[in-house]
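Read off the chains here:
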Amino acid sequence: SNAAVLLVVGTWTVKLLVYGTKSPRGIMHLCKRLARGTASSPKDLSLAYIGMPGSCFSKEAPEQQPVSAPVSPLESAPAIESAPAVQPIKEVAVTDTEMATTKRVYIIYYSMYGHISALARAVKQGVDSVEGVEGILFQVAETLPAEVLAKMHAPPKPEDVPIADPFTMDQADGFVFGFPTRFGMMAAQMKAFWDATGGHWQRGSLAGKAASMFTSTATQGSGQETTIMTAVTQLAHHGMVYVPTGYGSGAKMFGLDRAKGGSPWGAGTLAGPDGSRKPSEEELEQAVYQGKNLAQIVKKLTA
């Protein structure tokens, strides 16, 4: 990214282009360093930056003071006393509004039979309902060969969801991870994704970022809680902030009239022993709530 910087020295205005930084604080620090070599005194200096994603401001140049000699490197310029008065720097609207305000939540999941995929889309619905936050769907790479998946009667993966890149996941402001259980633990495909995040662990680039999890099991006693509990260790080693759903999705979580997935640890669904059951209305509602709740936490942590 780049930014246009106006450097005002005495009554002269110099427009600079600063490349490779997204930090307003960094730009102002750079301007001050430049100013020390061009301004004869602090009174001769006025700074403002424009075109940066984020907040912009203007600062009127202070009343000009005559200087005794031309200031290098402006020696070839006319005498400052004869230059026209500096006009106040006007506020410039930010054009890249999306980069300035929108927070990104990566919804990264693995789904073999479509149950987790359905919950992931419900989670995205919840994330997108929070102003200034966008949910982006990713699926992790499949590790099983096509002939094995065919024998397991696994349907094709959705073509509208890209494959997650573990090396660039730190570009997100928050995460929701979804995966089916494998004997009370996350599926191997999701574990393989986490195993590729060692570089982020070394740099600490995921530390402090909020994350939540959801799952799918065959029956009620198959790991609705333990699958997420055993996966939280991944977040802990990265220093991430685990955000459970609690019972915030409402009274339907307390109903005993029929079997359903989900727990205070995160949304969930029951696939049935043969995988034929689809997520129920109550299960999808908890997934929507989970996305909304996580998005609100992300906004608070990144404010």
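You'll find the structure just up there.
So, here's what we can say about the structure.

Cut-offs applied
Residues numbered from 1 in each chain as written. Predicted model: local features only at pLDDT ≥ 70, side-chain atom pairs only at ≥ 80, totals over all residues. Heavy atoms only, no water. Buried < 20%, exposed > 50% of the residue type's maximum accessible area, 1.4 Å probe, protein only. Helix = DSSP H or I, 4+ residues; strand = E, 2+ residues; numbered from the N terminus. Pairing = 2+ DSSP bridges. Patch = residues over 30% accessible without salt bridge, like charges linked within 9 Å, V, L, I, M, F, W, Y side chains within 5 Å. Areas by Shrake-Rupley, 256 points an atom, 1.4 Å probe, with all protein chains shown as cover. Salt bridge = Lys/Arg side-chain N within 4 Å of Asp/Glu carboxyl O. Expected span 1.5 Å × (residues − 1). Contact = heavy atoms within 4.5 Å.

Here we take up the pairing of strand β6 (residues 174-180). Burial analysis of β6 places 7 of its 7 residues in the buried class, which makes it a mostly covered element. On β6, burial covers both faces: G174, V176, G178 and P180 on one face and F175, F177 and F179 on the other are all buried. Here strand β4 (residues 103-109) pairs with β6 via 5 bridges, running parallel. Counted as the bridge partner of Y106 is F175 from β6. Here β6 pairs with strand β7 (residues 210-217) via 7 bridges, running parallel. Each residue of the ladder has a partner; that of F177, found in β7, is M213.

Judged by side-chain polarity, Y113, V148 and M152 come together as a nonpolar surface patch covering roughly 210 Å² of accessible area. In this fold, V148 is placed in helix α4 (residues 146-151).

Attention now moves to helix α3 (residues 115-128). Along an α-helix, residues three or four apart share an orientation, since each turn contains 3.6 residues. With 14 residues, α3 ought to run about 20 Å at 1.5 Å a step, and its terminal C-alpha atoms sit 20 Å apart, in line with that. Three or more residues of α3 are buried, namely H115, I116, S117, L119, A120, A122, V123, G126 and V127. Of the surrounding secondary structure, the elements contacted by the buried residues of α3 are β4, β5 (133-139), β6, β7, β9 (268-270) and α9 (281-301).

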